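# Fold and geometry: a report
Next come the chains, spelled out residue by residue.
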Amino acid sequence: MARELLSEDELEALAAELGNWDVSGSELQRTFRFENFVEAFGFMAAAALVAEKMDHHPNWSNVYSTVEVALNTHDRGGVTELDAALARAMDGLAGDAG
C-alpha cells in the first residue's frame, strides 16, 4: 500500500468519501460513539487486528462508549493511502456508530 503523502486534490476527494472523518494534510480524525463500553472495546479489538495486518497502527483513546481516532503515517509526516485504507476499514467495522 502506498506510503506517499496524498496531494491536496486527493485529500479533498478523501474528505468527500469519508464524510464522518475530519481530513487534513496532517491526519484523519474521527470520534466513534457506541451504545456501551463493550461495543466500543469490541470495535477496538476488531480494528486492532486489521491494523496489525496492515502494520499500521492508530492513535486512539477510549472513554466508556467513545473511541477517538487519529490516523497519520508518522514516518511521512502526514496522510497516505495507508491511513485512508485503515479509515475505510474502521468505518466498515463500526457500522452505524458515529
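Our structure is the block above this text.
Reference entry: report on the structure contained in this document. (Residues numbered from 1 in each chain as written. Predicted model: local features only at pLDDT ≥ 70, side-chain atom pairs only at ≥ 80, totals over all residues. Heavy atoms only, no water.)

### Some remarks on a nonpolar patch on the surface
Quick reminder of the rule: Candidate patch residues must exceed 30% relative accessible area and have no salt bridge, after which like charges are joined if within 9 Å and Val, Leu, Ile, Met, Phe, Trp or Tyr side chains if within 5 Å. Computed by Shrake-Rupley with a 1.4 Å probe, the accessible areas treat only the displayed protein chains as cover when residues are assessed. For this analysis, a salt bridge means a side-chain nitrogen from Lys or Arg found within 4 Å of a carboxyl oxygen belonging to Asp or Glu. Here a strand is any run of E in DSSP of at least two residues, a helix any run of H or I of at least four, and the numbering for each starts at the N terminus.
Together, Phe-37, Val-38, Phe-41, Val-63 and Tyr-64 make up an exposed nonpolar region whose accessible area comes to about 560 Å². Considering every element that reaches the nonpolar patch, the biggest residue donor is helix H2 (residues 37-54), with 3 residues.

### Observations concerning the packing of aromatic side chains
One pair of aromatic rings is described through two measures. These are the centre distance and the angle between the planes. The test is simple: Aromatic pairs are defined between Phe, Tyr and Trp rings, using the six-membered ring for Trp, whenever the two ring centres lie within 6.5 Å; interplanar angles under 30 degrees are classed as stacked, those over 60 as edge-to-face, and all others as tilted.
What the rule picks out here adds up to 5 aromatic pairs. Taking 5.9 Å as the distance between ring centres and 80 degrees as the angle between the ring planes, the aromatic pair formed by Trp-21 and Phe-32 counts as edge-to-face. Residue Trp-21 is located in the loop between helix H1 (8-17) and strand E1 (22-23), and its partner Phe-32 is located in strand E2 (residues 28-33); the two are separated by 11 residues in the primary sequence. Pairwise contacts between aromatic rings join Trp-21, Phe-32, Phe-34 and Phe-43 into one cluster.

### Describing the environment of Thr-73
To keep it simple, the criterion reads: Each residue's exposure class comes from its accessible area (1.4 Å probe, protein chains only) as a fraction of the maximum for that residue type: buried when under 20%, exposed when over 50%, partly exposed otherwise.
Along the chain, the position of Thr-73 falls in the loop between strand E4 (66-71) and helix H3 (81-94). Judged by its relative accessible area of 0%, Thr-73 is buried. For the pair formed by Thr-73 and Ala-13, sequence separation is 60 residues and the distance between their alpha carbons is 18 Å.

### Topic: the environment of Ser-61
To keep things clear, this is the line we draw: Residue contacts follow a heavy-atom distance rule, with two residues in contact if any of their heavy atoms lie within 4.5 Å.
Checked against the element boundaries, Ser-61 lands in strand E3 (residues 59-63). Note: C-alpha distance between Ser-61 and Thr-31 (30 residues apart in sequence) is 9.6 Å. Non-local contacts of Ser-61, meaning those with residues more than four positions away in its chain, are made with Thr-66, Val-67 and Glu-68.

### Things to note about a negative patch on the surface
To be explicit about the condition: Charged residues are defined here as Lys and Arg on the positive side and Asp and Glu on the negative side; His and the ends of the chain fall outside this count. To locate a charge, take NZ of a lysine, CZ of an arginine, CG of an aspartate or CD of a glutamate.
Taken together, the side chains of Glu-8, Asp-9, Glu-10 and Glu-12 make up a negatively charged region of the molecular surface. Within the secondary structure layout, Asp-9 lies in helix H1.

### Topic: the packing of H2 against H3
Going by this rule: Structural elements are reduced to axes, namely lines fitted to C-alpha atoms, with helices fitted over the stretch in contact, and the angle between N-to-C directions of any two is expressed from 0 to 180 degrees. The cut-offs work like this: below 35 degrees is roughly parallel, past 145 is roughly antiparallel, 65 to 115 is roughly perpendicular, and the gaps in between are oblique. Crossing handedness is defined as follows: a turn of the near helix away from the far one that is anticlockwise and smaller than a right angle gives a left-handed crossing, while the clockwise case is right-handed. Residues are grouped as follows: nonpolar covers Ala, Val, Leu, Ile, Met, Phe, Trp, Tyr, Cys and Pro; charged covers Asp, Glu, Lys and Arg; every other residue, Gly included, is treated as polar.
Interaxial distance between H2 and H3 falls to 10 Å at its minimum, and their mutual angle equals 150 degrees. Classified by the angle their axes make, H2 and H3 are roughly antiparallel. For the element pair H2 and H3, the recorded crossing hand is right-handed. Residue-level contacts link Phe-43, Ala-46, Ala-47, Val-50, Ala-51 and Met-54 of H2 to Leu-82, Ala-85, Leu-86, Ala-89, Met-90, Leu-93 and Ala-94 of H3. Across the contact of H2 with H3, the residue classes break down as 13 nonpolar, no polar and no charged.

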